Amino acid sequence: MSENASSHTFQAEVQQLLDIVIHSLYTDKEIFVRELVSNASDALEKLRHTQLTEKEVFDNDAPLEIQITTDEENHTITIADTGIGMTRDELVENLGTIAHSGSKKFMQALSESGQKESNLIGQFGVGFYSAFMVADEVTVYTHSWKADGEHLAWTSDGKTGYQIESAPDQARGCKIVIKLNADFQEFSQKDRIQNILENYSNFVPFPILLNGEHINKVEALWRKAKSDITDEQYTEFYKFIGKAWDEPRYRMHFSADAPLEINALLFVPQQNTELFGFGQMEPGVALYCKNVLIDDKPEGLLPDWLRFLRGVIDSADLPLNISRESMQDSALVRKLNRVVTKRFLKFLDGEAKSDAEKYADFYKTFSRFLKEGIATDHESKDSIAKLLRFESSMTDTGKMTSLDDYLTRAKDDQGSIYYLAGTSRSAIEAGPYLEAFQARGLEVLFLTEPIDDYVVRSLQSYSEKTLVSADRADLELGDSATVEEGEPLAEDRAITLCEFIQTEIGEERVEKVETGKRLVGSPVVALNPDEMMSAQMRQMMQAMNPDEPVPAPKVRLEINPRHDLIKKLDAARESNPDLAKLVVAQLFDNALLAAGLLDDKKSLISRGFDMMDRALAPS
Ligand code: ADP
């Protein structure tokens, strides 16, 4: 070993990843070319920025390009770039541990899903390590952009570990030499590599030279006319810019001259990786000015809730020397943000109308972002609300309605949009609140995601109709259109029964007991007089702070004077007061349970047994 040489073992996760990569049956071995070219392109992009901010850069005059050389005789392929390169520490950190995006996601997905490794490699790519799918040995020669960096070589067979040693006279950047395994010598043929590059690397924004010949034309697809672009080109561009492996769901390509000169090309991916628990996505729409990249992950270019988008926004009006720091404060960037967000929302609305089924699938995967937008983006919340979809008492199970469609079915004098929050459609349907609305032909939206309650509160109203929870105590619903069955309890008896119940349960737990018009098939319902503290809100608070009990709710109780059970209860009040008291306690707990407000379920159960015991007692 030469001077300053050192041997290292891979971090355990890298070892595991390499085992998988080397032994995987994944057939698309050629993807290693795309991965290494993409790394080279990233390194060049980083250098371009470094040159803007640093005074001293090693080899400052070297042209920014990627040189690929095939050698059939020696069975090697070499991929060299003049990017930022790596120092000794960076070699250890970047190529010896899994601290970076692509491979980390892969390992995470592997431990979480039961899928075959080879399928997953296809979905994520494993970055630099993919070289070991075809290599007996990989050597990375490098010199960092830092003037005081070392000339180094990193070598590994992908099995035992790696060595780092001095290697004099390196140019700035990385030169990766792959000694091909006997089975994969095809990758030392120029034609084979040219073919791969034409498939994957057309949009690399730096010249690629293959055996000295310039082979890619650097194309700014987003500035071309739509009619000159094929679907395949769009998809290929999406895969390049989004570092993606899937097909995009939607694409929006638009150009405008006023109020700003904008060329934007945006894609919605197939998958929402936040649903897999990968943490927040990074913003993925790059900012360009006349084909020159300004920032590939600009914060603040689009609202945070649109972080799932991939693509490019190019504006000729931006000053070329705008720095990343000043970007967020720029009035121009804010204007771009507004214009593009508005266009995208309009685009989605159009897509939802033209292909509802496709939109429903998008919605299933991405609705969280829209809902986040309503809660956080005051300016856009009304346009986002147009895109919301919910099941309702008038949709079939699994089918959703928009708020606009809800309004087409609303009664002429209906001032509100009604909703009920619950854990599922069936839980809401089984509850006591819906029947009063159904009896009056009023539609109720079903909010089944925990965040929904918060979303409708942020929204407050839509199209000048207030959004109102159907369990609110102060709702005046008017007379029911359907015929009410059965004789009600006489009014004076009903009043006495209400007082009896009120006394039994106590004022601290029930604010008021009264007979109501809401109920059709249920004997009793608990209404929540505290508009700010819905059942969902209480559950959320309890989950956030499990040690601190949320104060017991105080409800309003409505009883159904036509219901048989209520009439029998009234009779028992005189003939068997003990049993009547037991039934009152149980009715109350049942009502709380249905309302999602019952904290202590133990007494509900033990009282249930007690009542069964009495019911079965020989008379
Ligand atoms: P990813 O590209 O997803 O971060 P990789 O495994 O492909 O993961 O690469 C790991 C890291 O190694 C990169 O994040 C980068 O810091 C460094 N790296 C890889 N290739 C190069 C290169 N050609 N020039 C400079 N740094 C590189």
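Everything numeric here is computed off the predicted structure, so don't read it as measured data.

What about the sheet that holds strand E5 (residues 152–156)?
Consideration 1: The nine strands lie next to each other as E1-E6-E5-E4-E7-E3-E2-E8-E9, forming an open sheet whose pairing is mixed. Looking at strand neighbours, the two that pair on one side only are strand E1 (6–8) and strand E9 (213–214), the edges of this open sheet.
Consideration 2: In this sheet, strand E6 (residues 162–166) lies alongside E1 in antiparallel orientation, the contact comprising three bridges. Looking across to E6, one finds that Ser 7 is bridged to Gln 163.
Consideration 3: Lying over the sheet, helix H6 (residues 190–200) contacts strand E2 (66–71), strand E3 (76–81), strand E8 (208–210) and E9, oriented at roughly 160 degrees with respect to E8.

Comments concerning the nonpolar core
Consideration 1: In this structure, Phe 308, Ile 313, Phe 344 and Leu 557 are the most contacted members of the largest nonpolar core, which totals 101 residues.
Consideration 2: Per-element tally for this core: the top contributor is helix H9 (residues 331–354), with eight residues.
Consideration 3: Excluding its chain neighbours within four sequence positions, the residues that come into contact with Ile 313 are Ile 262, Asn 263, Ala 264, Leu 266, Val 285, Ala 286, Leu 287, Tyr 288, Leu 301, Leu 302, Leu 336 and Val 340.
Consideration 4: By size, the runner-up hydrophobic cluster in this structure holds 60 residues, among which are Ala 40, Val 57, Leu 91 and Val 134.

Brief notes about the pairing of E2
Consideration 1: Residues Ile 66, Ile 68 and Thr 70 of E2 are buried on one face, while the alternating residues Gln 67, Thr 69 and Asp 71, pointing to the opposite face, are not.
Consideration 2: Adjacent in sequence and paired antiparallel, E2 and E3 are bridged by four residues, among which His 75 carries a positive phi angle near 55 degrees.
Consideration 3: Taken together, the three bridges between E2 and E8 define a ladder with parallel strand orientation. Bridge pairing links Ile 68 to Leu 210 in E8.

Regarding the domain arrangement of the protein
Consideration 1: Splitting the protein by domain gives domain 1 (6–214), domain 2 (221–354), domain 3 (390–482) and domain 4 (491–616).
Consideration 2: Relative to domain 2, the C-alpha centre of domain 1 lies at a distance of 28 Å.
Consideration 3: Taken together, the contacts link 24 residues of domain 1 with 15 residues of domain 2.
Consideration 4: Here domain 1 and domain 2 share an interface that buries about 1700 Å² over both sides, 56% of which is from carbon and sulfur atoms.
Consideration 5: Applying the counting rule to domain 1 against domain 2 returns one salt bridge.
Consideration 6: In this structure, the salt-bridge partner of Lys 243 is Asp 42, at a minimum N-O distance of 3.1 Å.
Consideration 7: Going through the elements one at a time, helix H2 (31–53), helix H4 (101–112), helix H5 (117–124) and H6 are the ones with two or more residues in the side of domain 1 that touches domain 2.
Consideration 8: Looking at which element gives the most residues to the side of domain 1 that touches domain 2, the answer is H2, with eight residues.
Consideration 9: Grouping the constituent residues of the side of domain 1 that touches domain 2 by class yields seven nonpolar, nine polar and eight charged.

Quick word on the layout of surface pockets
Consideration 1: Considering only enclosed or pocket space, the second largest pocket measures out at about 750 Å³ in volume.
Consideration 2: Along the wall of the second largest pocket there are 28 residues; nearest its centre are Ala 360, Arg 389, Lys 399, Met 400 and Thr 401.
Consideration 3: Elements with a contribution of two residues or more to the lining of the second largest pocket: H9, helix H10 (356–376) and helix H12 (403–409).
Consideration 4: It is H10 that provides the largest number of residues to the lining of the second largest pocket, a total of eight residues.
Consideration 5: In the lining of the second largest pocket, the residues fall into eight nonpolar, six polar and 14 charged.
Consideration 6: The residues that make up the lining of the second largest pocket include at least three from each of domain 2 (221–354) and domain 3 (390–482).

Points about a nonpolar patch on the surface
Consideration 1: Nonpolar side chains collect at one region of the surface, where Ile 605, Phe 609 and Met 612 lie side by side and expose about 330 Å² of accessible area between them.
Consideration 2: Take Met 612: it is sitting in helix H20 (residues 602–616).

Looking at the environment of Glu 186
Consideration 1: Counting through the fold element by element, Glu 186 comes out in the loop between strand E7 (173–180) and H6.
Consideration 2: Sequence separation between Glu 186 and Phe 240 is 54 residues; the distance between their C-alpha atoms is 24 Å.

Re unusual backbone geometry
Across residues other than glycine, the phi torsion is negative in most instances, and most of the peptide bonds are trans.
Consideration 1: Omega for the peptide link from Ala 258 to Pro 259 comes to 0 degrees, which places this bond in the cis form.
Consideration 2: Take Pro 259: it is sitting in the loop between strand E10 (250–256) and strand E11 (262–268).
Consideration 3: A positive phi angle, near 55 degrees, is found at Asp 59, a position not held by glycine.
Consideration 4: Looking at where Asp 59 falls in the secondary structure, it is placed in the loop between H2 and E2.

Here we look at the packing of H9 against H10
Consideration 1: H10 packs onto H9 with a crossing angle of 140 degrees between their chain directions and a minimal axis gap of 8 Å. Taken together, the axes of H9 and H10 are oblique relative to one another. Classified by chirality, the crossing of H10 by H9 is left-handed. For the pair formed by H9 and H10, the contact residues are Leu 348, Glu 351, Ala 352 and Ser 354 on the first element and Ala 356, Lys 358, Tyr 359, Phe 362 and Leu 370 on the second.
Consideration 2: Counted by class, the contact of H9 with H10 contains six nonpolar, one polar and two charged residues.

Parameters at a glance
- Residues numbered from 1 in each chain as written.
- Predicted model: local features only at pLDDT ≥ 70, side-chain atom pairs only at ≥ 80, totals over all residues.
- Heavy atoms only, no water.
- Pairing = 2+ DSSP bridges.
- Helix = DSSP H or I, 4+ residues; strand = E, 2+ residues; numbered from the N terminus.
- Contact = heavy atoms within 4.5 Å.
- Axes fitted to C-alpha atoms, helices over the stretch in contact; angles between N-to-C directions.
- Core = buried A, V, L, I, M, F, W, Y, C linked by side-chain atoms within 4.5 Å.
- Buried < 20%, exposed > 50% of the residue type's maximum accessible area, 1.4 Å probe, protein only.
- Domains from an automatic or database assignment.
- Buried area = accessible area lost by both parts, 1.4 Å probe.
- Salt bridge = Lys/Arg side-chain N within 4 Å of Asp/Glu carboxyl O.
- Nonpolar A, V, L, I, M, F, W, Y, C, P; charged D, E, K, R; others polar.
- 1 Å grid on protein atoms, 1.4 Å probe; cavity = no way out; pocket = protein on both sides within 12 Å on 5 of 7 lines; lining within 4 Å.
- Points joined across faces, edges and corners; volume = space filled by probe spheres on them.
- Patch = residues over 30% accessible without salt bridge, like charges linked within 9 Å, V, L, I, M, F, W, Y side chains within 5 Å.
- Areas by Shrake-Rupley, 256 points an atom, 1.4 Å probe, with all protein chains shown as cover.
- Parallel < 35°, antiparallel > 145°, perpendicular 65-115°, else oblique.
- Left-handed = near helix turned anticlockwise from the far one by under 90°.

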